[in-house]
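Observations on the model geometry
Listed below are the residues making up each chain.
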2 protein chains.
Amino acid sequence: MDPQTSYLGYLAAVLTTSAFIPQVFMVWRQRGAPGISTGMYMIFITGVALWTCYGLALSDWPIILANGVTLVLASAVLGMKWYFARAGLAER
Amino acid sequence: MDPQTSYLGYLAAVLTTSAFIPQVFMVWRQRGAPGISTGMYMIFITGVALWTCYGLALSDWPIILANGVTLVLASAVLGMKWYFARAGLAER
């Protein structure tokens, strides 16, 4: 892979991954994620996990890094959504 | 690229892309997208556009298709957000 293509991939990776970060903070601040569909998020996380495997199969680092980090961020969002939902029920 | 890796890529593409579809319908039904940050969405769309170029540079069809379709869906969400926001202002 020529360097320009690599840079393109790394730049794309930074942009699509960083777009996720505000959502993590929003769910943390709001102590919940009412607007997020658990079903759709689980489909998305499964897809991102497969993209990570795809990147590993091709030894394609931009894909591995972008999807590996997104996998962690998206799992954090879903984990917080469940945690705050259960904590909310516990307080009632 | 061996067939198994291709199938992995196409399956990942279907999952991460289809997770976007409910958001398009939600914005259409709600006639707006208050919970969506325009700035973050523009960063995400730029990233997805770069991923599409990355796929083209590598002639990697799973990447081209996944990001090409996501680019259309995410642009539709942002376009509707602007349209309904302006239409909302116009009615006042």
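Residues numbered from 1 in each chain as written. Chains lettered and ligands numbered in written order. Predicted model: local features only at pLDDT ≥ 70, side-chain atom pairs only at ≥ 80, totals over all residues. Heavy atoms only, no water.

Turning our attention to the overall build of chain A. Of regular secondary structure, chain A possesses 4 helices and 0 strands. Written out in order from the N terminus, the α and β elements of chain A read α-α-α-α. Against the 2.2 N^0.38 benchmark of 12 Å for 92 residues, chain A shows a C-alpha radius of gyration of 16 Å, more extended than a compact globule. Over its C-alpha atoms, taken along the principal directions, chain A stretches across nearly 60 × 20 × 15 Å. Relative to its 92 residues, chain A shows a buried fraction of 42%. Considering only contacts within chain A whose residues lie at least 6 apart along the sequence, 71% involve residues at least 24 apart. Here chain A displays about 5100 Å² of accessible surface, and carbon together with sulfur accounts for 70% of that area. (Helix = DSSP H or I, 4+ residues; strand = E, 2+ residues; numbered from the N terminus. Rg over C-alpha atoms; globule rule 2.2 N^0.38 Å. Buried < 20%, exposed > 50% of the residue type's maximum accessible area, 1.4 Å probe, protein only. Contact = heavy atoms within 4.5 Å. Areas by Shrake-Rupley, 256 points an atom, 1.4 Å probe, with all protein chains shown as cover.)

Only a minority of non-glycine residues have a phi that is not negative, and only a minority of peptide bonds are not trans. All names here are of chain B. For R31, which is not glycine, the phi dihedral falls at a positive 55°. Here R31 lies in the loop between α2 (21-30) and α3 (38-58). Located in the positive-phi region is S59, a residue other than glycine, with phi close to 50°. Tracing the chain through its elements places S59 in the loop between α3 and α4 (61-91).

Let's shift gears to the relation of the copies chain B and chain A. Taken together, a rotation about one axis and a shift along it account for how the two chain copies relate. Rotating chain B by 180° and translating it 0.0 Å along the rotation axis places it on chain A, where the RMSD comes to 0.0 Å. Look at the turn and shift together and you get a two-fold axis relating the two. Taking C-alpha positions as the reference, the residue of chain B nearest the rotation axis is G35 of chain B, at 3.9 Å. Here 97% of the interface residues in chain B have copies in chain A that are interface residues too; the copies meet face to matching face. (Least-squares fit on C-alpha atoms with pLDDT ≥ 70 in both.)

Residues and elements named next belong to chain A. The UniProt entry lists residues 6-28, 40-57 and 63-84 under the feature "transmembrane region" (unreviewed entry), expressed in the numbering used here. Segment residues 40-57 splits into 100% helix and 0% strand. End C-alpha atoms: 26 Å apart. The span residues 63-84 carries 100% helix and 0% strand; its end-to-end C-alpha distance comes to 31 Å. (UniProt positions renumbered as here; feature names shortened; annotations may be inferred.)

Residues and elements named next belong to chain A. The final tally for this structure, using the stated rule, is 10 aromatic pairs over all chains. When the ring of Y83 is compared with that of F84, the centres are 5.4 Å apart and the planes differ by 70°; the resulting orientation is edge-to-face. By relative accessible area, which is 12% here, F84 ends up buried. Connected via pairs of aromatic rings, a cluster forms that spans F20, Y41 and F44. Between the NZ or CZ atom of R31 and the centre of the ring of W28, over which it lies, the distance is 4.5 Å. (Phe/Tyr/Trp six-rings, centres within 6.5 Å; stacked < 30°, edge-to-face > 60°. Lys NZ or Arg CZ within 6 Å of the ring centre and 35° of its normal.)

Let us now look at the packing of helix α3 (residues 38-58) of chain A against helix α1 (residues 3-18) of chain B. The N-to-C vectors of α3 of chain A and α1 of chain B enclose an angle of 150°; their axes lie 8 Å apart at closest approach. Our classification of the angle between α3 of chain A and α1 of chain B gives roughly antiparallel. The way α3 of chain A lies across α1 of chain B gives a crossing that is left-handed. On α1 of chain B, the residues that touch M40, I43, F44, T46, G47, V48, L50, W51, C53, Y54, A57 and L58 of chain A of α3 of chain A are T5, L8, G9, L11, A12, A13, L15, T16 and S18 of chain B. The residue makeup of the contact of α3 of chain A with α1 of chain B, split by class, is 15 nonpolar, 6 polar and no charged. (Axes fitted to C-alpha atoms, helices over the stretch in contact; angles between N-to-C directions. Parallel < 35°, antiparallel > 145°, perpendicular 65-115°, else oblique. Left-handed = near helix turned anticlockwise from the far one by under 90°. Nonpolar A, V, L, I, M, F, W, Y, C, P; charged D, E, K, R; others polar.)

To continue, consider the interface of chain B and chain A. If you look at the interface, chain B gives 29 residues, while chain A gives 29 residues. Interface area for chain B against chain A, summed over the two sides, is near 2400 Å², with a carbon-plus-sulfur share of 83%. Linking chain B with chain A are 0 salt bridges. Along the contact surface separating chain B from chain A lie 6 residue pairs in polar contact (both at pLDDT 80 or more). Elements with a minimum of two residues in the side of chain B that touches chain A: α1, α2, α3 and α4 of chain B. Take the side of chain B that touches chain A: its biggest share by element is 12 residues, from α3 of chain B. (Buried area = accessible area lost by both parts, 1.4 Å probe. Salt bridge = Lys/Arg side-chain N within 4 Å of Asp/Glu carboxyl O. Polar contact = N/O pair within 3.5 Å; in protein donor to acceptor, adjacent residues only side chain to side chain.)

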